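Descriptive structure summary
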Amino acid sequence: MTIQINGANGLTFPDTSSQAVAGYTPVRPQSGGVIQTVQATASTQTVTNSGSMVNTALTASITPKFSTSKILISVCTNLYGGTGGQLAALGLNRNSTLVWYPNVDSGGKYYMNSTGAWTPASFVYLDSPATTSSTTYTVQVAAYTAGGSAVNQGGNGISVIILQEIAA
């Protein structure tokens, strides 16, 4: 490795991010260690009468440093089912693919029981995206019963999504 001393720029080192340096082995984080953390918030309500998942404003992106890393997603929001006893559902979308949803009944519907009142709704999911490309996670919401509206993140506070890259 060559160190350069320049009167105008001081001490500089060559950019080695794309090349190997003889005798140097990069230090990888210990398995289970947190490599990076990203947090995003939202306070915009998402209202739907649809039984299909729709995207909310609660979204965050992370670019994993290693393709073997896991991404730990933590979500804290509020959920509201209609006053007529309707149920509301949350889900998690990774780059346009639904990767997590709660309970499934015999009709294939996913739901969290939140009827007629704002209910805190939180979940944690460990994902394995197997990429070093930017990955976007978006919380989704659906109405479980026909005519029921499901509303999340709004009305009663700010919702949070936290993404943590975990070393394999």
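Values in this document were obtained by computation on a predicted structure and should not be read as measured data.

With that settled, the discussion passes to the overall build of the protein chain. Looking only at helices and strands, the protein chain features zero helices and 12 strands. Tracing the protein chain from N to C terminus, the helices and strands come up as β-β-β-β-β-β-β-β-β-β-β-β. Looking at the protein chain as a whole, 36% of its 168 residues are labelled buried. Sequence-distant contacts, at least 24 apart, represent 81% of the contacts inside the protein chain between residues at least 6 apart. Approximately 9100 Å² of the protein chain is accessible, and the part contributed by carbon and sulfur atoms is 49%.

One finds Ile73, Val75, Leu90, Leu92, Tyr137, Ile161 and Leu163 to be the most contacted residues of the largest nonpolar core, which totals 21 residues. Residue assignment for this core shows that the elements contributing at least two residues are β3 (34-42), β5 (54-62), β6 (70-80), β7 (88-94), β8 (97-100), β9 (118-127), β10 (135-143) and β12 (159-166).

Counted according to the given criterion, the structure contains one aromatic pair. For the pair tryptophan 100 and phenylalanine 123, a centre-to-centre distance of 4.0 Å together with 20° between the ring planes defines the contact as stacked. With tryptophan 100 in strand β8 and phenylalanine 123 in strand β9, this residue pair connects regions lying 23 residues apart in the sequence. We classify phenylalanine 123 as buried; its relative accessible area is 6%.

This part takes up the pairing of β6. Where β6 meets β12, seven bridges bridge the pair, whose relative direction is antiparallel. Within β12, the position partnered with serine 74 by the bridge is isoleucine 162. With 10 bridges connecting them, β6 and β9 associate as antiparallel partners. Counted as the bridge partner of isoleucine 73 is tyrosine 125 from β9.

By the element assignment, glutamine 36 lies in strand β3. As a C-alpha pair, glutamine 36 and isoleucine 62 span 26 residues in sequence and 8.7 Å in three-dimensional space. Those residues in contact with glutamine 36 that sit more than four places away from it in its chain are Ile62, Thr63, Pro64, Lys65, Leu163, Gln164 and Glu165. Polar contacts involving the side chain of glutamine 36 include one to the main-chain carbonyl oxygen of threonine 63, which spans 2.8 Å. At 2.7 Å, the side chain of glutamine 36 forms a polar contact with the side chain of glutamate 165.

The rules behind the values
- Residues numbered from 1 in each chain as written.
- Predicted model: local features only at pLDDT ≥ 70, side-chain atom pairs only at ≥ 80, totals over all residues.
- Heavy atoms only, no water.
- Helix = DSSP H or I, 4+ residues; strand = E, 2+ residues; numbered from the N terminus.
- Buried < 20%, exposed > 50% of the residue type's maximum accessible area, 1.4 Å probe, protein only.
- Contact = heavy atoms within 4.5 Å.
- Areas by Shrake-Rupley, 256 points an atom, 1.4 Å probe, with all protein chains shown as cover.
- Core = buried A, V, L, I, M, F, W, Y, C linked by side-chain atoms within 4.5 Å.
- Phe/Tyr/Trp six-rings, centres within 6.5 Å; stacked < 30°, edge-to-face > 60°.
- Pairing = 2+ DSSP bridges.
- Polar contact = N/O pair within 3.5 Å; in protein donor to acceptor, adjacent residues only side chain to side chain.

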